[in-house]
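Given next are the chains, with one letter for each unit.
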Amino acid sequence: MLSRVASSVYWLSRYIERAENVARFIDVNYNLTLGESDSFGDQWAPLVYTTGDQIPYEERYGAPNRDNVLKFLLFDLENPNSINSCVSYARENARTIREIIPTVVWEQLNQFYFMVRSAAGSPTTLDQPQEFCERLRLASHMLVGVTEATMSHGEAWHFSRVGRLIERGDKTSRIVDVQYYILLPDARDVGSALDVVRWSALLRSASALAMYRRQYGKITPERVANFLILDTYFPRAMHFCLRKAQESLRSITGSHAGTFQNLAEQRMGLLCSTMDYTSVEDIIQQGLHQYIDGFQNQLNSVGEAIHEDFFIAHQTESQSQSQSQAQTANQNSQSQTS
């Protein structure tokens, strides 16, 4: 497979997953604040931290508030991590590999793209963003489902899965880090009705509430952290994402468990092994923020190694620019949360 094709498939999946996660964050936060713009103003700032865009946001909009945060994260084309930008980047990557992806995938992505463009031109979207966020999540799920059902599970499919799962693991880590800090500011709130509502909102942001309830029942911060970080069965848990991404890397290179053929596999294997033998007690003792910060650094190093091992040979200028923007966003987020 050509490097440019592998790169486009990988980034196509990453951008779609990124757009879906931004929609998740906005929808849950909107419901948590009941749409208020002033009395819950501090609740909108964490969304900018979660995406790693605090500095460019402040340069353009100043202090966070509901309307500006929504505008920035939903439709601002100058923000490379806005939903509008991500879907546009995904469509451009897909356009360059029309001969690789099934026709139905291209058609579904086009519908996705025009749905976002239409919403960007409607003033009612910012007033009531829940419906748009729900439609976007469903469109993302439809695209992933169509890809799974119609694309041969060869190298291109595995690059697509690696991109999607690395992005998903990264965004789950960010929402856990930021929201864990925001949701547990006062020991007096622990165990209160408000505390349960907040942690339920965190689980809903990862579509994890039903599965968490089935496994644990009562909501506690430690169990929520354990479920979203270390669970190996829930599809949006960090550990699950990394394990499945490692499987796809092995399928691409043909290596066996316990071996590696390049730097990307080595770094991925080290990160997965660390998570295999980590407990939530170890994480809490170390400090959840410190653990997440280390995880994001290691995950970024995996992404850099994938770029160097598989994509760098035939990378086009446009791809280089979009990938650089994504990597810069990750680095900004780490420096801001450190």
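In this text, all values refer to a predicted model and were calculated from it rather than measured experimentally.

## Observations regarding the overall build of the chain
At step 1: Helices and strands together make up the secondary structure of the chain, namely 17 helices and 0 strands.
At step 2: Taken over 338 residues, the chain has a buried fraction of 56%.
At step 3: Taking contacts inside the chain between residues at least 6 apart in sequence as the whole, the part at least 24 apart equals 67%.
At step 4: Accessible area of the chain: about 14600 Å², with a carbon and sulfur share of 51%.

## Digging into the environment of Pro56
At step 1: Inspection of the secondary structure assignment puts Pro56 in helix α3 (residues 54-61).
At step 2: Considered as a pair, Pro56 and Phe72 are 16 residues apart in the sequence and their alpha carbons are 9.8 Å apart.

## Points about helix α12 (residues 221-230)
At step 1: Taken across its 10 residues, α12 has 7 buried, putting it largely inside the fold.
At step 2: Considered for burial, the residues of α12 that qualify are Pro221, Val224, Ala225, Phe227, Leu228, Ile229 and Leu230.

## Notes on the packing of α12 against helix α16 (residues 288-311)
At step 1: Remark: α12 packs on α16, axes separated minimally by 13 Å, with the N-to-C direction vectors making an angle of 5 degrees. In this view, α12 runs roughly parallel relative to α16, as classed from their interaxial angle. From α12, Ala225, Ile229 and Leu230 reach across to α16, where they touch Leu288, Tyr291 and Ile292.
At step 2: When grouped by side-chain class, the residues that make up the contact of α12 with α16 number 6 nonpolar, no polar and no charged.

## Some details on the pattern of salt bridges
At step 1: Counted under the stated rule, the structure contains 20 salt bridges.
At step 2: The closest approach of N and O atoms between Arg243 and Asp276, which form a salt bridge, is 3.3 Å. A residue pair is termed long-range when its members are at least 10 positions apart, and Arg243 in helix α13 (residues 238-253) and Asp276 in helix α14 (residues 263-276) qualify at 33 residues.
At step 3: Take Arg243: its relative accessible area is 35%, and that puts it in the partly exposed class.
At step 4: Look at Asp276 and you get partly exposed, because its relative accessible area is 36%.
At step 5: Residues participating in the shared-partner salt-bridge network are Arg14, Arg18, Glu167, Asp170, Lys171 and Arg174.

## Section: the environment of Leu136
At step 1: Position of Leu136 among the secondary structure elements: in helix α8 (residues 129-150).
At step 2: Contact partners of Leu136, with chain neighbours within four places excluded, come to Ala19, Glu20, Ala23, Ile83, Phe112, Met115 and Val116.

## Here we look at unusual backbone geometry
At step 1: Phi at Ser207 takes a positive value of approximately 50 degrees, unusual for a residue other than glycine.
At step 2: Relative to the helices and strands, Ser207 resides in the loop between α10 (193-205) and α11 (209-216).
At step 3: Taking the relative accessible area as the measure of exposure, Ser207 reaches 42% and is therefore partly exposed.

## Some points on the side chain of Arg236
At step 1: Relative to the helices and strands, Arg236 is located in the loop between α12 and α13.
At step 2: A polar contact is formed between the side chain of Arg236 and the side chain of Glu17, at a distance of 2.8 Å.
At step 3: The residues contacting Arg236, other than those within four sequence positions of it, are Glu17, Glu20, Asn21, Arg24, Arg168, Thr172, Ala206, Leu228 and Cys241.

## Observations concerning the nonpolar core
Side chains that are nonpolar tend, in soluble globular proteins, to be buried together.
At step 1: Counting 93 residues, the largest nonpolar core has Ile83, Phe112, Phe132, Ile166, Leu228, Ile229 and Ile306 as the members making the most contacts within it.
At step 2: Tallying contributions element by element places helix α1 (residues 3-33) first for this core, with 14 residues.
At step 3: Non-local contacts of Ile166, meaning those with residues more than four positions away in its chain, are made with Tyr10, Arg14, Ala245, Met268, Leu299, Val302 and Ile306.

## Some details on the packing of aromatic side chains
At step 1: Summed over the entire model, instances satisfying the criterion amount to 15 aromatic pairs.
At step 2: With a centroid separation of 5.7 Å and 75 degrees between ring planes, the pair formed by Tyr61 and Phe72 is classed as edge-to-face. With a gap of 11 residues between them, Tyr61 in helix α3 and Phe72 in helix α4 (residues 66-74) connect regions that are remote in the sequence.
At step 3: A relative accessible area of 1% places Phe72 in the buried class.
At step 4: Geometrically, the ring pair formed by Phe75 and Phe132 is tilted, given 5.5 Å between the ring centres and 55 degrees between the ring planes. Separated by 57 residues along the polypeptide, Phe75 in the loop between α4 and α5 (83-95) and Phe132 in helix α8 bring together distant segments of the chain.
At step 5: Classification of Phe75 as buried rests on a relative accessible area of 13%.
At step 6: Residue Phe132 is classed as buried on the basis of its relative accessible area, which comes to 2%.
At step 7: A connected cluster of aromatic rings, assembled from ring pairs, spans Tyr10, Trp11, Tyr15, Tyr89, Phe159, Phe310 and Phe311.

## Side note on the environment of Leu2
At step 1: With respect to the helices, strands and loops of the structure, Leu2 is situated in the segment before α1.
At step 2: You can call Leu2 partly exposed: its relative accessible area is 48%.
At step 3: Through-space distance from the C-alpha of Leu2 to that of Ala156 is 10.0 Å; in sequence the pair is 154 residues apart.

## Structural notes on the confidence of the model for the chain
At step 1: For the chain, the average pLDDT comes to 86, and 84% of its residues sit at 70 or higher.
At step 2: When the criterion is pLDDT under 50, residues 186-191 qualifies, and its contacts beyond four places in sequence or with other chains add up to 4 contacts.
At step 3: Across residues 316-325 the pLDDT falls below 50, and counting only partners more than four positions away or on other chains, this stretch makes 14 contacts in the model.

Rules of the game
Residues numbered from 1 in each chain as written. Predicted model: local features only at pLDDT ≥ 70, side-chain atom pairs only at ≥ 80, totals over all residues. Heavy atoms only, no water. Helix = DSSP H or I, 4+ residues; strand = E, 2+ residues; numbered from the N terminus. Buried < 20%, exposed > 50% of the residue type's maximum accessible area, 1.4 Å probe, protein only. Contact = heavy atoms within 4.5 Å. Areas by Shrake-Rupley, 256 points an atom, 1.4 Å probe, with all protein chains shown as cover. Axes fitted to C-alpha atoms, helices over the stretch in contact; angles between N-to-C directions. Parallel < 35°, antiparallel > 145°, perpendicular 65-115°, else oblique. Nonpolar A, V, L, I, M, F, W, Y, C, P; charged D, E, K, R; others polar. Salt bridge = Lys/Arg side-chain N within 4 Å of Asp/Glu carboxyl O. Polar contact = N/O pair within 3.5 Å; in protein donor to acceptor, adjacent residues only side chain to side chain. Core = buried A, V, L, I, M, F, W, Y, C linked by side-chain atoms within 4.5 Å. Phe/Tyr/Trp six-rings, centres within 6.5 Å; stacked < 30°, edge-to-face > 60°. pLDDT = per-residue confidence, 0-100.

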